[in-house]
Amino acid sequence: MEDKKEDTLTIKNLKEKLKEEKANNSFHYLSSELITLYILAKEKKITISFFEYKDDTCIIELNSLNKKSIYEFLNKYKAVINSFSYDELKGGYKANATFKSFRR
(Lines give C-alpha, C1' and ligand atoms only; values in the text may rest on other atoms or scores of the structure.)
Protein backbone atom coordinates (compact mmCIF):
# COMPACT_ATOMS: atom_id res chain seq x y z
CA MET A 1 0.00 0.00 0.00
CA GLU A 2 2.79 2.42 0.83
CA ASP A 3 4.36 1.92 -2.60
CA LYS A 4 1.06 2.81 -4.28
CA LYS A 5 0.77 5.95 -2.14
CA GLU A 6 4.28 7.02 -3.10
CA ASP A 7 3.56 6.39 -6.78
CA THR A 8 0.37 8.43 -6.59
CA LEU A 9 2.14 11.30 -4.88
CA THR A 10 4.92 11.18 -7.42
CA ILE A 11 2.47 11.23 -10.34
CA LYS A 12 0.56 14.08 -8.72
CA ASN A 13 3.78 16.02 -8.25
CA LEU A 14 4.77 15.42 -11.86
CA LYS A 15 1.39 16.64 -13.11
CA GLU A 16 1.72 19.80 -11.03
CA LYS A 17 5.25 20.35 -12.31
CA LEU A 18 4.01 19.94 -15.88
CA LYS A 19 1.28 22.54 -15.31
CA GLU A 20 3.88 24.96 -13.91
CA GLU A 21 6.14 24.42 -16.92
CA LYS A 22 3.26 25.06 -19.33
CA ALA A 23 2.28 28.20 -17.42
CA ASN A 24 5.87 29.47 -17.58
CA ASN A 25 5.85 28.86 -21.33
CA SER A 26 9.00 26.78 -21.03
CA PHE A 27 7.26 23.55 -21.99
CA HIS A 28 7.85 22.41 -25.57
CA TYR A 29 5.85 19.65 -27.14
CA LEU A 30 6.69 17.26 -29.91
CA SER A 31 4.25 17.99 -32.69
CA SER A 32 2.93 15.45 -35.13
CA GLU A 33 4.63 17.42 -37.91
CA LEU A 34 8.02 16.80 -36.36
CA ILE A 35 7.26 13.10 -36.09
CA THR A 36 6.23 13.11 -39.76
CA LEU A 37 9.53 14.81 -40.63
CA TYR A 38 11.54 12.04 -38.97
CA ILE A 39 9.40 9.29 -40.53
CA LEU A 40 9.84 10.79 -44.01
CA ALA A 41 13.60 11.03 -43.46
CA LYS A 42 13.73 7.39 -42.43
CA GLU A 43 11.68 6.31 -45.47
CA LYS A 44 14.12 8.14 -47.75
CA LYS A 45 17.11 6.66 -45.89
CA ILE A 46 18.19 10.06 -44.62
CA THR A 47 19.89 10.58 -41.28
CA ILE A 48 19.09 13.80 -39.43
CA SER A 49 22.31 14.64 -37.63
CA PHE A 50 21.24 18.07 -36.36
CA PHE A 51 17.88 19.75 -35.80
CA GLU A 52 17.22 23.09 -34.15
CA TYR A 53 14.02 25.08 -33.80
CA LYS A 54 14.60 28.77 -33.27
CA ASP A 55 12.40 31.82 -33.90
CA ASP A 56 9.89 29.94 -36.09
CA THR A 57 12.73 28.59 -38.24
CA CYS A 58 14.04 25.06 -38.41
CA ILE A 59 17.73 24.44 -39.03
CA ILE A 60 18.55 20.92 -40.14
CA GLU A 61 21.58 18.88 -41.18
CA LEU A 62 21.00 15.73 -43.23
CA ASN A 63 23.18 12.85 -44.39
CA SER A 64 22.39 10.30 -47.08
CA LEU A 65 24.01 8.11 -49.69
CA ASN A 66 21.52 9.39 -52.27
CA LYS A 67 21.55 13.11 -53.08
CA LYS A 68 18.22 12.90 -54.92
CA SER A 69 16.45 11.78 -51.73
CA ILE A 70 17.89 14.80 -49.87
CA TYR A 71 16.64 17.19 -52.58
CA GLU A 72 13.17 15.58 -52.54
CA PHE A 73 13.02 15.77 -48.75
CA LEU A 74 14.08 19.42 -48.61
CA ASN A 75 11.75 20.32 -51.48
CA LYS A 76 8.78 18.98 -49.52
CA TYR A 77 9.52 21.48 -46.73
CA LYS A 78 10.44 24.29 -49.15
CA ALA A 79 13.80 24.50 -47.45
CA VAL A 80 16.62 26.83 -48.38
CA ILE A 81 19.84 24.85 -48.81
CA ASN A 82 22.71 26.57 -47.04
CA SER A 83 25.35 24.02 -48.03
CA PHE A 84 25.48 20.73 -49.87
CA SER A 85 28.58 18.57 -50.18
CA TYR A 86 29.90 15.07 -50.67
CA ASP A 87 31.76 13.65 -47.68
CA GLU A 88 34.45 11.35 -49.05
CA LEU A 89 35.28 9.91 -45.63
CA LYS A 90 31.71 8.81 -44.95
CA GLY A 91 30.89 8.13 -48.58
CA GLY A 92 27.68 10.13 -48.60
CA TYR A 93 26.10 13.53 -49.05
CA LYS A 94 25.64 16.17 -46.37
CA ALA A 95 23.20 19.07 -46.55
CA ASN A 96 22.51 21.99 -44.24
CA ALA A 97 19.20 23.77 -44.74
CA THR A 98 16.65 26.06 -43.11
CA PHE A 99 12.90 26.29 -43.47
CA LYS A 100 10.02 28.10 -41.86
CA SER A 101 8.32 26.33 -39.02
CA PHE A 102 5.51 23.93 -39.75
CA ARG A 103 3.93 24.68 -36.37
CA ARG A 104 0.77 26.72 -36.39
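Residues numbered from 1 in each chain as written. Predicted model: local features only at pLDDT ≥ 70, side-chain atom pairs only at ≥ 80, totals over all residues. Heavy atoms only, no water.

## Observations concerning the pattern of salt bridges
Thought 1: Within this structure, the stated rule accounts for two salt bridges.
Thought 2: Glutamate 72 is the salt-bridge partner of lysine 44, the closest N and O atoms lying 2.9 Å from each other. Of the two residues, lysine 44 sits in the loop between helix H2 (32-43) and strand S1 (47-54) while glutamate 72 sits in helix H3 (residues 67-76), which places them 28 residues apart along the sequence.
Thought 3: When its relative accessible area of 25% is taken as the criterion, lysine 44 is described as partly exposed.
Thought 4: A salt bridge links glutamate 72 to lysine 68; the nearest nitrogen and oxygen atoms lie 4.0 Å apart. (Salt bridge = Lys/Arg side-chain N within 4 Å of Asp/Glu carboxyl O. Helix = DSSP H or I, 4+ residues; strand = E, 2+ residues; numbered from the N terminus. Buried < 20%, exposed > 50% of the residue type's maximum accessible area, 1.4 Å probe, protein only.)

## So, the sheet that holds strand S2 (residues 57-64)
Thought 1: If you trace the four strands from one edge of the open sheet to the other, you get S1-S2-S4-S3, paired in antiparallel fashion. At either end of the open sheet lies a strand with only one pairing partner, and these are S1 and strand S3 (80-87). Averaged over all pairs of adjacent strands, the angle between strand axes in this sheet comes to 10°, irrespective of strand direction.
Thought 2: As defined by bridge partners, S1 adjoins S2 across seven bridges and the pair is classed as antiparallel. When the sheet's bridge partners are listed, glutamate 52 is paired in S2 with isoleucine 59.
Thought 3: Helix-sheet contacts for H2 involve S1, S2 and strand S4 (92-100), and the interaxial angle to S1 is about 160°. (Pairing = 2+ DSSP bridges. Axes fitted to C-alpha atoms, helices over the stretch in contact; angles between N-to-C directions. Contact = heavy atoms within 4.5 Å.)

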